Amino acid sequence: MDTLFNPSSTSSFTFIQTHKNPQSFSLRTCGYLPFSSQFKTQSWVCLKAQEFHNLTPLNVLKKRGLKCVSSGEGLADEGEGIRRKNLAVFVSGGGSNFRAVHQATVSGDVHGSFVVLVTNKHDCGGANYARENGIPVIIYPNTKGEPEGLSSTDLVAALSKYKIDFILLAGYLKLIPSELIRAYPKSILNIHPSLLPAFGGKGYYGTKVHKAVIASGARYSGPTIHFVDEHYDTGRILAQRIVPVLANDTVEELAARVLRQEHKMYAEVAAAVCDERVIWREDGVPIIQSKANPNHYS
Ligand code: GRF
């Protein structure tokens, strides 16, 4: 049972959960394995619990270069073997990043659906776009200006009803409450318009970031997507893109150049997250497995 083998990635498999030993998941081949007649009928691969490190069984398989075509009950996913993910988005402004990722969910490039939007400004562009697209809007936090806003505890309770897999922050200017961070470990992403850890932290938002980049004389800037912890802009970096800072750039020109990359990168990262292609390195750094070339990570 714990002999491992490395069948060709074109073989097909069925997952069987070993009820006797919850520490392991077994995988039964149900297809033809071209390299050995010994394995032509049924064989087993045992996935050890230590291998998981926040990976699903499907991703452990991927890491080993195996492919799952069909899977047993309880571990089963639809379509290509990966369940479509439920996404929440937090927005305070125009929401152009949200729109870009939403369009990618509609076109099928991102295997997920936005099921709720959270905002601290009920009438912002992002919230209105959500309403136009039939996406429910939640107001958070509760303030004088937004008396309909939820408390942190009620926000966590409200989100749990939507069975959220991932939360994308897209221009949300308030700090995320620690209750929410605890409820969604390794599942909340933010986009920031500079190459973190430079030009990040409290006070670095909107045009202030680009202004500081230009004033510093940095020749390169670009967006960062990172996991969210309890401080501003300090969570683990997941993706970055480089954008040149030109000698005569205005803040607006640089912001627009960075924003174009933000839209592309957020859609690509959302696709990776929904496809379960984010792998956590042993030192705690998250990396993305390429879809086109599964042996390549960035
Ligand atoms: C983006 O520049 C993003 O990096 C930052 O806030 C801005 C949001 O823009 N966190 P939009 O609302 O998505 O257009």
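This write-up is about the structure you can find in this document. It should be emphasised that the depicted structure is a prediction, and the values quoted were computed from it without experimental measurement.

Thresholds applied
- Residues numbered from 1 in each chain as written.
- Predicted model: local features only at pLDDT ≥ 70, side-chain atom pairs only at ≥ 80, totals over all residues.
- Heavy atoms only, no water.
- Helix = DSSP H or I, 4+ residues; strand = E, 2+ residues; numbered from the N terminus.
- Buried < 20%, exposed > 50% of the residue type's maximum accessible area, 1.4 Å probe, protein only.
- Pairing = 2+ DSSP bridges.
- Axes fitted to C-alpha atoms, helices over the stretch in contact; angles between N-to-C directions.
- Contact = heavy atoms within 4.5 Å.

### Quick notes on unusual backbone geometry
The omega torsion across Y140 and P141 is 0°, close enough to zero to call that bond cis. With respect to the helices and strands, the residue P141 is situated in the loop between β6 (137–139) and α4 (152–161). Positive phi, close to 55°, is recorded for F199, a residue that is not glycine. Mapped onto the elements of the fold, F199 is located in the loop between β8 (188–192) and α6 (207–216). Overall, F199 belongs to the partly exposed group, its relative accessible area being 22%.

### Observations regarding the sheet that holds strand β11 (residues 237–240)
Reading across the sheet, the 7 strands line up as β6-β5-β4-β7-β8-β10-β11 and stay open at both edges, with mixed pairing between neighbours. Every other strand in the sheet has two partners, leaving β6 and β11 as the edge strands with one partner each. Each adjacent strand pair in this sheet contributes to an overall mean axis angle of 25°, direction not counted. Inspection of the sheet shows strand β10 (residues 224–227) paired to β11 by 3 bridges, in the antiparallel sense. Directly across from I225, in β11, lies its bridge partner A239. Of the strands in this sheet, β4 (85–91), β5 (112–119), β7 (166–169) and β8 touch helix α2 (residues 96–107), which is tilted by about 160° from β5.

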